[in-house]
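# Tertiary structure, described
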Amino acid sequence: MEFGVFAQLFVPQFERDRDPNAEHLRIFRNVEIAKAADQHGFKYVWCPQHHFLDEYSHMPGPEAFLAFCAAQTERVHLGSAIFNITPAVNKPQRVAENVALLDHLTDNRFEFGTGRGSSSTEVHGFDIADINETKLMWREAINEIPKMWKDAPYSYDGQYFRMPERKVFPKPHGPLHPAMWVAAGSPGTFTEAGELGLGAF
């Protein structure tokens, strides 16, 4: 059995009422938990990407948090749970670049978890009119990102994003790209994860 911790970065209002520095303290408390997980043989530190969700999660940049943790840990796997890969939130080519860079910085300890946002508060905050459309956006991006890690130049003209022919750098560190996951909350997503060869959490 493998164990992990989840760095949600929950910042309750009552703490902020007491201490104006509470958000800062919570960020570094999560870093300390990641270091403790590494020291005590935990397998994972997972970190979400959320936007505009007061108290629930003040964690908009898992790539920044996990890179900081990578420099202070040695063994624990560091995973995005999730990177929001809908093109309106994160351009897939930027995600591909960041994932490959994290693969180097963590020495193959990065795990690439994906998703599409958790609520209308997040989705509408990025000017996406229909939350249901994010499923189609995610599906388009998840199929294209691994192609960007190949040696050949990449180009794409799709429904939700376009890219002229370019080589994407860096390439992942090693013969394989990081393990890929999807956040699943319905039976259909679990089925799709299996069909695409993705881990599900």
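Our subject is the structure listed above.
Nothing here was measured: the structure is a model prediction, and the numbers come from that model.

## What about the sheet that holds strand β7 (residues 180-182)?
One open sheet accounts for 6 strands, arranged β1-β2-β3-β4-β7-β8; its pairing is parallel. Either end of the sheet is taken by a strand with one partner, and the two such strands are β1 (4-6) and β8 (199-200). Strand direction decides the pairing type here: β1 and strand β2 (residues 44-47), joined by 3 bridges, are parallel. Directly across from F6, in β2, lies its bridge partner W46. Contacts from helix α4 (residues 92-105) reach β3 (77-84) and β4 (110-115), with the element oriented near 155° to β4.

## Thoughts on the pairing of β4
Counting buried residues in β4 gives 6 out of 6 residues, a clear majority hidden from the surface. Burial along β4 is two-sided: F110, F112 and T114 and E111, G113 and G115, pointing in opposite directions, are all buried. By the bridge criterion, 5 bridges tie β3 to β4 in an arrangement that is parallel. Pairing of S80 across the sheet is with F112, part of β4.

## Focus on the packing of helix α2 (residues 22-39) against helix α3 (residues 62-70)
Their axes nearest at 10 Å, the elements α2 and α3 cross at an angle of 45°. On the basis of the axis angle, α2 is oblique to α3. Between α2 and α3 lies a crossing whose hand is right-handed. Residues I27, F28, N30, V31 and A34 of α2 touch α3, and the partners they reach there are F65, F68 and C69. Residues that form the contact of α2 with α3 fall into these classes: 7 nonpolar, 1 polar and no charged.

## Remarks on the packing of aromatic side chains
Summed over the entire model, instances satisfying the criterion amount to 13 aromatic pairs. Ring plane angle 25° and centroid distance 5.0 Å describe the contact between Y44 and W46, whose orientation is recorded as stacked. Given a relative accessible area of 11%, Y44 falls into the buried group. Ring geometry for Y44 against W181: centres 6.3 Å apart, planes inclined by 85°, an arrangement best described as edge-to-face. One end of the pair, Y44, is in strand β2; the other, W181, is in strand β7, with 137 residues separating them in the sequence. The same class applies to Y44 and to W181, which are both buried. Chaining the aromatic ring pairs together yields one cluster made of Y44, W46, W181 and F201. Sitting over the face of the ring of F169, K171 holds its NZ or CZ atom 5.4 Å from the ring centroid.

## Quick word on the environment of D54
Here D54 is to be found in the loop between β2 and α3. The spacing of D54 and R18 is 36 residues in sequence and 16 Å in space, taken between C-alpha atoms. Filtering out sequence-adjacent residues up to four positions away, D54 remains in contact with Q13 and R16. Polar contacts involving the side chain of D54 include one to the side chain of R16, which spans 2.6 Å.

## Considerations on the nonpolar core
In terms of nonpolar packing, the biggest core is built from 38 residues, with F65, F83, I85, F112 and W149 touching the most fellow members. For this core, the secondary-structure elements that each account for two or more residues are α2, β2, α3, β3, α4, β4, α6 (133-148) and β7. Among residues more than four places away in sequence, those in contact with F65 are A7, I27, N30, V31, C47 and M59. Counting 5 residues, the second largest nonpolar core, distinct from the first, contains V89, V123, I128 and M137.

## Observations concerning unusual backbone geometry
Note the cis peptide between F169 and P170, where omega equals -5°. Mapping P170 onto the fold places it in the loop between β6 (162-166) and β7. Notably, L9 is not glycine yet its phi reads approximately 60°, a positive angle. Summarising the element assignment, L9 is placed in the loop between β1 and α1 (13-18). For D127, which is not a glycine, the phi torsion comes out positive at approximately 65°. Within the secondary structure layout, D127 lies in the loop between α5 (120-125) and α6. For D127, a relative accessible area of 72% corresponds to the exposed category.

The rules behind these values
- Residues numbered from 1 in each chain as written.
- Predicted model: local features only at pLDDT ≥ 70, side-chain atom pairs only at ≥ 80, totals over all residues.
- Heavy atoms only, no water.
- Pairing = 2+ DSSP bridges.
- Helix = DSSP H or I, 4+ residues; strand = E, 2+ residues; numbered from the N terminus.
- Contact = heavy atoms within 4.5 Å.
- Axes fitted to C-alpha atoms, helices over the stretch in contact; angles between N-to-C directions.
- Buried < 20%, exposed > 50% of the residue type's maximum accessible area, 1.4 Å probe, protein only.
- Parallel < 35°, antiparallel > 145°, perpendicular 65-115°, else oblique.
- Left-handed = near helix turned anticlockwise from the far one by under 90°.
- Nonpolar A, V, L, I, M, F, W, Y, C, P; charged D, E, K, R; others polar.
- Phe/Tyr/Trp six-rings, centres within 6.5 Å; stacked < 30°, edge-to-face > 60°.
- Lys NZ or Arg CZ within 6 Å of the ring centre and 35° of its normal.
- Polar contact = N/O pair within 3.5 Å; in protein donor to acceptor, adjacent residues only side chain to side chain.
- Core = buried A, V, L, I, M, F, W, Y, C linked by side-chain atoms within 4.5 Å.

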